[in-house]
6 protein chains.
Amino acid sequence: MRIKVINPNTTQSMTDKIYDAATYVARPDTEIVAVSPEKGPASIDNFHDQFATLTGLMEEVHKGVKEGFDGFIIAAACDPGLYAARQIANVPVVGIGEASMYMANMVAANFSIVTVTKSIKPLLWEVVERSGMKDKCISIRCTTMNILDYEHDPEGGLHALTVEGRNAVSEDGAEAICLGSAGMVKFAKNLEKELGVPVFDGVTAAVKIMEGLVDLGKKTSKMSTYKYPEKKEYKGFPGIQP
Amino acid sequence: MRIKVINPNTTQSMTDKIYDAATYVARPDTEIVAVSPEKGPASIDNFHDQFATLTGLMEEVHKGVKEGFDGFIIAAACDPGLYAARQIANVPVVGIGEASMYMANMVAANFSIVTVTKSIKPLLWEVVERSGMKDKCISIRCTTMNILDYEHDPEGGLHALTVEGRNAVSEDGAEAICLGSAGMVKFAKNLEKELGVPVFDGVTAAVKIMEGLVDLGKKTSKMSTYKYPEKKEYKGFPGIQP
Amino acid sequence: MRIKVINPNTTQSMTDKIYDAATYVARPDTEIVAVSPEKGPASIDNFHDQFATLTGLMEEVHKGVKEGFDGFIIAAACDPGLYAARQIANVPVVGIGEASMYMANMVAANFSIVTVTKSIKPLLWEVVERSGMKDKCISIRCTTMNILDYEHDPEGGLHALTVEGRNAVSEDGAEAICLGSAGMVKFAKNLEKELGVPVFDGVTAAVKIMEGLVDLGKKTSKMSTYKYPEKKEYKGFPGIQP
Amino acid sequence: MRIKVINPNTTQSMTDKIYDAATYVARPDTEIVAVSPEKGPASIDNFHDQFATLTGLMEEVHKGVKEGFDGFIIAAACDPGLYAARQIANVPVVGIGEASMYMANMVAANFSIVTVTKSIKPLLWEVVERSGMKDKCISIRCTTMNILDYEHDPEGGLHALTVEGRNAVSEDGAEAICLGSAGMVKFAKNLEKELGVPVFDGVTAAVKIMEGLVDLGKKTSKMSTYKYPEKKEYKGFPGIQP
Amino acid sequence: MRIKVINPNTTQSMTDKIYDAATYVARPDTEIVAVSPEKGPASIDNFHDQFATLTGLMEEVHKGVKEGFDGFIIAAACDPGLYAARQIANVPVVGIGEASMYMANMVAANFSIVTVTKSIKPLLWEVVERSGMKDKCISIRCTTMNILDYEHDPEGGLHALTVEGRNAVSEDGAEAICLGSAGMVKFAKNLEKELGVPVFDGVTAAVKIMEGLVDLGKKTSKMSTYKYPEKKEYKGFPGIQP
Amino acid sequence: MRIKVINPNTTQSMTDKIYDAATYVARPDTEIVAVSPEKGPASIDNFHDQFATLTGLMEEVHKGVKEGFDGFIIAAACDPGLYAARQIANVPVVGIGEASMYMANMVAANFSIVTVTKSIKPLLWEVVERSGMKDKCISIRCTTMNILDYEHDPEGGLHALTVEGRNAVSEDGAEAICLGSAGMVKFAKNLEKELGVPVFDGVTAAVKIMEGLVDLGKKTSKMSTYKYPEKKEYKGFPGIQP
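Conventions and cut-offs
Residues numbered from 1 in each chain as written. Chains lettered and ligands numbered in written order. Predicted model: local features only at pLDDT ≥ 70, side-chain atom pairs only at ≥ 80, totals over all residues. Helix = DSSP H or I, 4+ residues; strand = E, 2+ residues; numbered from the N terminus. Rg over C-alpha atoms; globule rule 2.2 N^0.38 Å. Buried ≥ 20, exposed ≤ 12 C-beta atoms within 10 Å, placed from the backbone. Contact = placed C-beta atoms within 7 Å. Nonpolar A, V, L, I, M, F, W, Y, C, P; charged D, E, K, R; others polar. Expected span 1.5 Å × (residues − 1). Axes fitted to C-alpha atoms, helices over the stretch in contact; angles between N-to-C directions. Parallel < 35°, antiparallel > 145°, perpendicular 65-115°, else oblique. Left-handed = near helix turned anticlockwise from the far one by under 90°. Pairing = 2+ DSSP bridges. Least-squares fit on C-alpha atoms with pLDDT ≥ 70 in both. Domains from an automatic or database assignment. Right-handed = clockwise from strand over helix to strand, strands pointing away.

Now for the overall build of chain A. Counting secondary structure elements, chain A contains 10 helices and 10 strands. Radius of gyration (C-alpha) of chain A: 17 Å, near the 18 Å computed for a compact globule of 242 residues. The dimensions of chain A, computed from C-alpha atoms along their principal axes, are 55 × 35 × 35 Å. Expressed as a percentage of the 242 residues in chain A, the buried residues total 67%. Long-range pairs, those at least 24 residues apart, make up 70% of the contacts in chain A between residues at least 6 apart in sequence.

Following this line, the structure appears as structure tokens:
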């Protein structure tokens, strides 16, 4: 199967690491394609940035539909554009935020999200609520590094995540950790060793769930919420042109 | 005071009616400017359309900030882009969805939303939940006409809204009605007469709440969620350019 | 328009300050009348006091209906008697508790309430829940001064509010503050300067929302919950006498 | 032990029936005193009426405290004044609304409330929420008879309750019924026979729970919410006079 | 009346103390029989232990039904097997967890549970949620002693409970305490004296509620959830054998 | 990898079909072993039956741990014994109830569960709540056939499921269907064709999620809730014997 992983920001170095992580866990018969859109922000640190991804993201889904991919993964922890993407694709579209939380919840009674600076917190909380994980996510712990800081200073990044991960376990009672950014996929293994609890990265979780959905032949429901948008005029947005 | 009302879709006839309604209820010392963005969908009927508004909408907020407006009203019932708009403005930004529901809740113990076709329902429910009105909104009743149908056939529109409004009152026990589209502002008066309960249109509700916020000198909190986005590179989106 | 502001306690010095604040923000064409009932407690610090206001409060609403007021504001943060007042008036009745929270929620992603001694906390939490603001109100912070202490020692009062307001912002992550007593209207401006976040006083918020509701010609829904009480015998209470 | 049962309305014929029912189920060593206050409404059909009971109700609690009762039962299904009564008594105070629901929940997986006209519904829903029974109470079914109608036409009353009780069981899936008015205590037995599910009347439920609380020597917590009101001036209300 | 109290673990010394406590508060006309099942764990400290009680527990209920008991009390704070027991008995079955919380909620505005080691916490939280007490239970505080430790070192047990009880009152704002284990019945009196708030033990609370249910002649609803299981083959479990 | 699928009831014909379905979707490198315990009920139709599975189920997990399986699937839609099984295994344990709902939620905005007779409904609702799917599951529709009826009359079974599935889609607005019994795995394909929405069977969903968890090397968190039970005496239950 062929899976298109869309990193909704324009930082190619992150896309490369996402590709590596996704490929590493994918089955031999799964082909991973990872892209950044042409339009969008360098990173997603707040609501404004999240909305800045949507045009570019939808362009990539549109292209992907024509290219015949078997599934799409949106590789940002705040799951931007998920519902709209499901409208224009009939193959499954999985967000890495929801994927990591569902998997965490099946091996632990609760989890904390450890993430970047605090402006991202309300975005991640929206994912938690939309995914039904409000009673499972006992805390969202922020560090003082933003997403690009984690790119430029991975050592400092691992340290910051370890500190907050430990606080999550010892103070909040977290029994698992979900990483609150696609750029943190590289830290998961080490962090798991440090903390002694399962650590879930969304990219790898989403790849495995997608393989399952495709194996089962599941498609996105076109019954109502995710049905194709009606034809109408869209200016500057990849709608289905009239 | 000067208020910029942004109709996030590109249908100028709707913007004109929104302008008329807003001006009609505004105080003499309130100047209303109503615009449609250059980019965006002809109407918002589902998630995909909602996301299609965001680039154009943000461009209008950006322009408005430079033009020194005292407040912004986002004139679509699903309150698109509200949080991001609050990040880049420091004057108040009010959504017509939340405005109509808060006002309804102060003269009635509950309300129903009467709106367009059913694909809009999950978007409106998101507004209900984000505004804290989950226990107040007892139903969202859809018609079989989409937003543009209401533009082209206002008589049929009034009829459809009256039928569903009556059902809301008699079957669901609604004690007030909120109109679930900016394009319905023209029906509010007649509907109120027909149904015998208060009917709230979001545009006029938002104008009055905005006048209050500006009178009190209130600004958007820049403490955390709505603080200005950090400078970074945005491609194809009106971020604060580096 | 003519608005009757009812301070449900019998302390005239508080009523005077409420009158000043309401008048200060009212439009030139809005006439404010502020009263204390003849019956009631000197202040509201707990459930018992809240219930002690109801007879006097309803008497003032009854009188106000005959006097032809265009709206009523109940000027206690716990919004006492709100639903019953709405039953006997057909013009709008707004509580200062709900008014401050709705306005706060439109310029900030969350808020804390800063208030008097802790016995008031469960009353304010009832307002939060009834207004749908449970997910928005992240904390209610109490001081060790009761309402009358704030009357007698305003300097100490400002200090106490500043301390707890700062704790709300720095420890709880509050992005706005709502003042949890009508008697605190005089502190709002200074507090806003000190804390750097929007501070909402309920009296002024309610005046502006009331002006909006009256401008829009809205009346209280008489459909079910707020319909006029049936005629029956009431002993010692201003019911509609048989 | 001596239990004071306060029917918060002034209709003595209801008080008499409440006395009979309470006495019938009380243990031989339990003395029941049942009273109506001097002030208050003839019946409670809506919020306005509920608030009209509070002065008279509190006067009866005050008197009862001096008379040394071992417990108080507030005999109206909307549990009026419960928290304030707990403040001025240190013996237990039980509402018949909460009592019936807790007992119902221990012999059935859910219940419906069957009650008077629909204006009472929001009051009963407040009891449901405050008692934590939101997920247990699957419906509140109203009849077209108000409380005094049930006094004057008991046969019609039993018929109306049977019809709605049957609907609750067959349409809503109710596995027990709680009666939504103190005046319905006389119908419980017959209704139980008709419907084939447990039917709980609040008066008798409250008597048995009160006997248990008194046997265990439990007192109302004076730690915070229910502590005695501070001394202050109350005009026209039985506060602790200065 | 004859009440069968089933301690679902196999530690007879606990059963003996449960018997003593139940007998002490029971009325003269109430006969208490207390048993431990033949099968089951020595104590319940986690989910695994809870499930280990079910076969033995159901065997005791089955026997008790044949012996004609008037009610059953399941004497473990996590209320194991409650719903299944209600299926096979038609007399009332009360759990000590729910019983203590309902009583606490009638004399205090909230409560904390003080209990054994932290592995029990998620089990008790399930009881809190199932009983509707989610908004009433403000904390579950654990000690470092497990259930059998409390048997062997009662002095240390009282000390540990006092420390955590004090923390619950002063830090969490608890206005009552519920004891989170049947084995703690012996500490209730002393703890109440130490803490100055009502302390509820589930065994004694359940006895009094059961006496009330039996006095009122209430039976378990056989309408749906608690109806008798259909006849089918059960291997190694006391189902109704074919 | 080797996965042990435990059908907690003792009906071998169901176990055989579960084996076939699991094997059909498993990857070539995944070995499925499917078993029924020696102890337990012939089917699970209510709480009593659910509890009747636990001893036999835990015996199979214990055996499976010694046999070195890489994961366990509990193949009953009510996910019996899930938390206890996670305590004694350190490899992942997945319930088919949660698995089907998480997958459904990723291709549809909501879902209905279609299942056997109504006594199963409260058990399935517990799974919905525990899995966080309360806002996603819009209805649980029951048929009049119990689990064994579906074994003996598959044609009638498919018909009953189709009828209720259609009702779920057209009346409740379901956008996907989850099958509420392991014995329905054989109907999924046909039903999907009939209904035009994705239909999820839990057995196949769980197999794919398990393959993903094992691929990622995830283990059950032993931090707190799912840590191994302490050694103590268990009579008649497969605890870790002293």
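Structure shown, so let's carry the discussion forward.
Of note, D:V25 is situated in helix 1 (residues 12-25). You can call D:V25 buried: it has 21 C-beta atoms within 10 Å. For the pair D:V25 and D:A205, spaced 180 residues apart in sequence, the C-alpha separation works out to 9.1 Å. Leave out the neighbours within four places in its chain, and D:V25 touches D:T204, D:V207, D:K208, E:D215 and E:L216.

Moving on: the interface of chain F and chain A. At the interface, 37 residues of chain F touch 37 residues of chain A. Per-element accounting of the side of chain F that touches chain A gives the leading share, seven residues, to helix 10 (residues 202-215) of chain F. Grouping the amino acids of the side of chain F that touches chain A by side-chain chemistry returns 19 nonpolar, eight polar and 10 charged.

All names here are of chain F. Between its first and last C-alpha, helix 10 extends 20 Å over 14 residues, near the 20 Å set by a 1.5 Å rise per residue. The buried fraction of helix 10 is high, at 13 of 14 residues. G217 sits one or two residues past helix 10 and shows a positive phi near 75 degrees.

For the pair helix 10 (residues 202-215) of chain B and helix 10 (residues 202-215) of chain C, the least separation of the axes is 8 Å and the interaxial angle reads 150 degrees. One finds that helix 10 of chain B runs roughly antiparallel with respect to helix 10 of chain C. Along this stretch, helix 10 of chain B crosses helix 10 of chain C, giving a crossing that reads as right-handed. Contacts from B:K208, B:I209, B:E211, B:G212 and B:D215 in helix 10 of chain B reach C:K208, C:I209, C:E211, C:G212 and C:D215 in helix 10 of chain C. Class assignment for the residues of the contact of helix 10 of chain B with helix 10 of chain C results in two nonpolar, two polar and six charged.

In this section: the pairing of strand 6 (residues 111-115) of chain A. Residue and element names in this part refer to chain A. Along strand 6, five of the five residues are buried, which leaves the element largely enclosed by surrounding structure. Alternating positions in strand 6 separate into two faces, F111, I113 and T115 on one and S112 and V114 on the other, with burial throughout. Across five bridges, strand 6 lies against strand 7 (residues 137-142) in parallel orientation. Across the sheet, residue S112 finds its bridge partner in strand 7, namely S139.

Moving on, we get to the relation of the copies chain F and chain A. Mapping chain F onto chain A leaves a residual RMSD of 0.0 Å; the transformation is a rotation of 180 degrees accompanied by 0.0 Å of translation along its axis. What we have between these two chains is a two-fold relation. Of every C-alpha in chain F, the one belonging to F:G132 sits nearest the axis of rotation, 2.3 Å from it. Comparing interface residues between copies, 100% of those in chain F also lie at the interface in chain A; the contact surface is shared.

Kept free of each other, chain A and chain D leave a smallest C-alpha distance of 17 Å between them. Nowhere do chain B and chain E come into contact; their C-alpha atoms are at least 16 Å apart.

Residues and elements named next belong to chain D. Here we have four strands laid out as an open sheet, ordered 2-1-4-5, and parallel in their pairing. The two strands at the open ends of the sheet, each matched to only one other strand, are strand 2 (31-35) and strand 5 (93-95). Geometrically, the sheet is characterised by an average inter-axis angle of 20 degrees between neighbouring strands, direction not taken into account. Pairing of strand 1 (residues 2-6) with strand 4 (residues 71-74), which is carried by four bridges, proceeds in the parallel orientation.

As for its position among the elements, D:V94 is in strand 5. We classify D:V94 as buried; it has 31 C-beta atoms within 10 Å. Look past the residues within four positions of D:V94 in its chain and what remains in contact with it is D:I73, D:A99, D:A206, D:I209, D:M210 and E:M106.

Here the focus is the domain arrangement of chain A. All names here are of chain A. Each domain of chain A was delimited in the assignment, giving domain 1 (2-95 + 204-215) and domain 2 (97-201). Counting from both sides, the interface comprises 25 residues of domain 1 and, opposite them, 25 residues of domain 2. Contributions of two or more residues to the side of domain 1 that touches domain 2 are made by helix 1 (12-25), helix 2 (47-52), strand 5 (93-95) and helix 10 (202-215). Per-element tally for the side of domain 1 that touches domain 2: the top contributor is helix 1, with five residues. A class-by-class count of the residues in the side of domain 1 that touches domain 2 yields 14 nonpolar, eight polar and three charged.

Moving on, we get to helix 3 (residues 54-66) of chain E. Given a rise of 1.5 Å per residue, 13 residues ought to cover 18 Å, and the 19 Å separating the end C-alpha atoms of helix 3 of chain E matches this to within 8%. Two residues or fewer after helix 3 of chain E comes E:G68, characterised by a positive phi angle close to 75 degrees.

Glancing now at the pairing of strand 4 (residues 71-74) of chain C. The two faces of strand 4 of chain C match: C:G71 and C:I73 on one face and C:F72 and C:I74 on the other face are all buried. The β-α-β motif built from strand 4 of chain C, the intervening helix 4 (residues 82-88) of chain C and the parallel element strand 5 (residues 93-95) of chain C has right-handed crossover chirality.

Residues and elements named next belong to chain C. In spatial order, the strands read 7-6-8-9; together these four strands make up an open sheet with parallel pairing. Each having just a single partner strand, strand 7 (137-142) and strand 9 (199-200) make up the two edges of the open sheet. Examined bridge by bridge, strand 6 (residues 111-115) and strand 8 (residues 177-179) share three bridges and lie parallel to one another. Counted as the bridge partner of I113 is C178 from strand 8. Running at roughly 155 degrees to strand 6, helix 8 (residues 154-171) makes contact with strand 6, strand 7 and strand 8 of the sheet.

Let's shift gears to the packing of helix 5 (residues 96-107) of chain A against helix 10 of chain A. All names here are of chain A. Two elements in contact, helix 5 and helix 10, have axes separated by 8 Å at closest approach and are oriented at 80 degrees. When the interaxial angle is binned, helix 5 and helix 10 end up roughly perpendicular. In contact with I96, G97, A99, S100 and M103 of helix 5, helix 10 contributes G202, V203, A205, A206 and I209. Classifying every residue of the contact of helix 5 with helix 10 by side-chain character gives seven nonpolar, three polar and no charged.

A few words on unusual backbone geometry. Residues and elements named next belong to chain D. With a phi angle near 50 degrees, D79 is a residue other than glycine that sits in the positive phi range. Topologically, D79 is positioned in the loop between strand 4 and helix 4 (82-88). A tally of 27 C-beta atoms within 10 Å means that D79 is categorised as buried.

The next point concerns the environment of A:W125. Along the chain, A:W125 falls in helix 6 (residues 121-130). Sequence spacing of A:W125 and A:I140 is 15 residues, and the spatial spacing of their C-alpha atoms is 8.0 Å.

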